[in-house]
Amino acid sequence: MRVLKFEKKNTNKLFDVLSKFGEVWAPVPKGESYSYQRIESSKDFAFTDGCTRTVLPEKKLLIPQKFSTLNFNSKGYEKPDEEIPAKIVFGIHNCGISAINILDEFYTTDYIDADYKQRRNKMIIIGTSCMPDEHCFCDKTNTNIVEKGYDIFFTDLNDYYLVWIGTSKGYDIVRVGQNMGIFNEDIPKDVSERFSKFRKEKSEAFMNDVDLEGVTDLMELSHDADFWKELGDKCLACGQCTMVCPTCTCYNIIEENTLNKDAGTRERYWDSCMFKDFSLTAGDHNFRAAKSERLKLWYTHKLKAFIGHFGVPSCVGCGRCIVTCPVDINIKTVAERLKKKGA
Ligand code: SF4
Ligand code: SF4
C-alpha cells in the first residue's frame, strides 16, 4: 500500500479528478443533518468535517429504495436495460465502509445478488477520517478503523491529509491526481508521531458509554425476559430503525402488471422486519404478530445470529438507531436492559 500527501488547498481540484471517473456523491448538509447527494460542481465539493452520519446510509446508493428488478411479458422476462453509472462516493467514514464490507459478505456469500453486485462493481469508495459525536460507538464494535473496503482513504492530520491507497482503482485515481500535481510524496518526517496523535485523540473522543460486552450470550439468556414486552408496548412499528441502519437488508418484491396483463415489472423495495405484515404468511398466519417478537428478532439478528454466520455483529456503531427512534429503543437502551434484567 502506498501513502501520499494531499494539501487541503487542492480540494476543488480533487473534485475535477474524481469526476473523470464517474458521478461524484458525497454528504451534503440537509437541515440539521447530512444526506448523500450527487455533487455536480467543484464549488459544491468539500470535506464535510462536521458530518458524523448521514440520515440514510451508503446502502441507498447500492440498493435503491425502490427499483425494477425484472421486466416481463408473455414471452418471458429480462433485466431492465438500465445503464448503471459509476459512482465515486466520497466522505464515507470507517463505520460506513465497515457496513459496506458487511453488505458485500451478505449479498455475495451464499447467493450472489445480481442487483447489488451490479451497483457495487460500479462504486468507488473514498473514505475520510472523522471524530465521534455523543452517539457514535464504533470503538465498541471494532469498526472505528478499517483495514479494507476502501479504494482511497483520507486521514486528516490538520495541515494536510494522508492518502491511503487501498485498491488498483484507487491507484488509477491517484495517478491522475499526481499528474495534476495534487498528490505528492513529500510526507513530513514527523508523520508517524502526528498519525499516532490523531489516533489517540480519536479514541479519547468517544463519549457513548454503551456496554456491549457479553450481549451476544445475554441475548440467548434473555429470550423470555419481561422487558421485551415492555419495549414492544412502546415501539411504534414505524420501521425507521431498519431504514436508517446501514446493515439492514430486508426487502420485498411485488409484480406490477400493465392494464392488459400481458406485461409488467417486478419491483423491489426496502422492507422492514418491524412492520406487522413482514411475517405474514399464507393462511393469514403471522408468526411475529407481536411487536416484542419483532424487536427480539432484530436485536437477535444484530447481536447474535449474524455473528454465527459471518463472524462479526451486524452493528457498526453508527448511532443512527439512537438518533432516529422516536421512543428511545436502540442498541444502547436494549444493551442496558440485557445487562440489568437479562440473565
Ligand atoms: S444497529 Fe444502530 S448503531 Fe448499529 S449499525 Fe444499525 S443503526 Fe447503526
Ligand atoms: S424500535 Fe423505534 S424506530 Fe424501530 S420500529 Fe420501534 S419505534 Fe420505530
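Since the structure is predicted, the reported quantities are computational estimates derived from the model, not experimental observations.

Some words on the site of ligand 1
Here comes step 1: Among the 13 residues in the neighbourhood of ligand 1, the closest are listed as Cys245, Cys315, Val316, Cys318 and Cys321.
Here comes step 2: Listed by contribution, the elements that provide at least two residues to the shell around ligand 1 are helix H10 (291-310) and helix H11 (320-324).
Here comes step 3: Of the residues assigned to the shell around ligand 1, the class counts are 9 nonpolar, 2 polar and 2 charged.

So, the layout of surface pockets
Here comes step 1: Volume-wise, the largest pocket comes out at about 360 Å³.
Here comes step 2: Along the wall of the largest pocket there are 20 residues; nearest its centre are Ser129, Met131, Asp156, Asn158 and Phe198.
Here comes step 3: Sorting the residues of the lining of the largest pocket by element identifies strand S6 (87-92) and helix H6 (191-205) as the ones contributing at least two each.
Here comes step 4: Per-element tally for the lining of the largest pocket: the top contributor is H6, with 4 residues.
Here comes step 5: If you add up the space inside the second largest pocket, you get close to 310 Å³.
Here comes step 6: Lining of the second largest pocket is provided by 16 residues; of these, Ser98, Asn101, Ile102, Thr143 and Val312 occupy positions nearest its centre.

Structural notes on the site of ligand 2
Here comes step 1: The environment of ligand 2 is formed by Cys235, Leu236, Ala237, Cys238, Gly239, Cys241, Met274, Leu295, Cys325, Pro326, Val327 and Ile329.
Here comes step 2: Of the residues that constitute the shell around ligand 2, the class distribution is 11 nonpolar, 1 polar and no charged.

Side note on the sheet that holds strand S2 (residues 23-30)
Strand pairs in the sheet, formed through backbone hydrogen bonds, run parallel or antiparallel to each other.
Here comes step 1: Spatially, 8 strands are ordered S3-S2-S6-S7-S8-S9-S1-S10 in an open sheet, and the strand pairing comes out mixed. In this open sheet, the two edge strands, each paired with only one partner strand, are strand S3 (33-39) and strand S10 (183-184).
Here comes step 2: Alignment of S6 against strand S7 (residues 123-128), held across 5 bridges, turns out to be parallel. When the sheet's bridge partners are listed, isoleucine 92 is paired in S7 with glycine 127.

Here we look at the pattern of salt bridges
Here comes step 1: Enumeration over the complete set of coordinates arrives at 24 salt bridges.
Here comes step 2: Between aspartate 172 and arginine 175 there is a salt bridge; the shortest N-O distance is 3.3 Å. Here aspartate 172 pairs with arginine 175, and both are found in helix H5 (residues 168-179), just 3 residues apart, close to one helical turn.
Here comes step 3: Each of Lys79, Asp113, Asp115 and Arg268 takes part in salt bridges that share partners, so that together they form one network.

Observations concerning the packing of helix H8 (residues 227-234) against H10
Here comes step 1: In the contact formed by H8 and H10, the axes pass within 7 Å of each other and the chain directions differ by 110°. Put simply, H8 runs roughly perpendicular to H10. When H8 is examined against H10, the residues Trp228, Lys229, Leu231, Gly232 and Asp233 are found in contact with a partner set consisting of Lys291, Ser292, Leu295, Lys296 and Tyr299.
Here comes step 2: Taken together, the residues of the contact of H8 with H10 sort by class into 4 nonpolar, 2 polar and 4 charged.

Each value, and the rule that gives it
Residues numbered from 1 in each chain as written. Chains lettered and ligands numbered in written order. Predicted model: local features only at pLDDT ≥ 70, side-chain atom pairs only at ≥ 80, totals over all residues. Heavy atoms only, no water. Near = heavy atom within 4 Å. Helix = DSSP H or I, 4+ residues; strand = E, 2+ residues; numbered from the N terminus. Nonpolar A, V, L, I, M, F, W, Y, C, P; charged D, E, K, R; others polar. 1 Å grid on protein atoms, 1.4 Å probe; cavity = no way out; pocket = protein on both sides within 12 Å on 5 of 7 lines; lining within 4 Å. Points joined across faces, edges and corners; volume = space filled by probe spheres on them. Pairing = 2+ DSSP bridges. Salt bridge = Lys/Arg side-chain N within 4 Å of Asp/Glu carboxyl O. Axes fitted to C-alpha atoms, helices over the stretch in contact; angles between N-to-C directions. Parallel < 35°, antiparallel > 145°, perpendicular 65-115°, else oblique. Contact = heavy atoms within 4.5 Å.

So, to be careful, I would describe these as geometric facts and stop short of saying anything about function.
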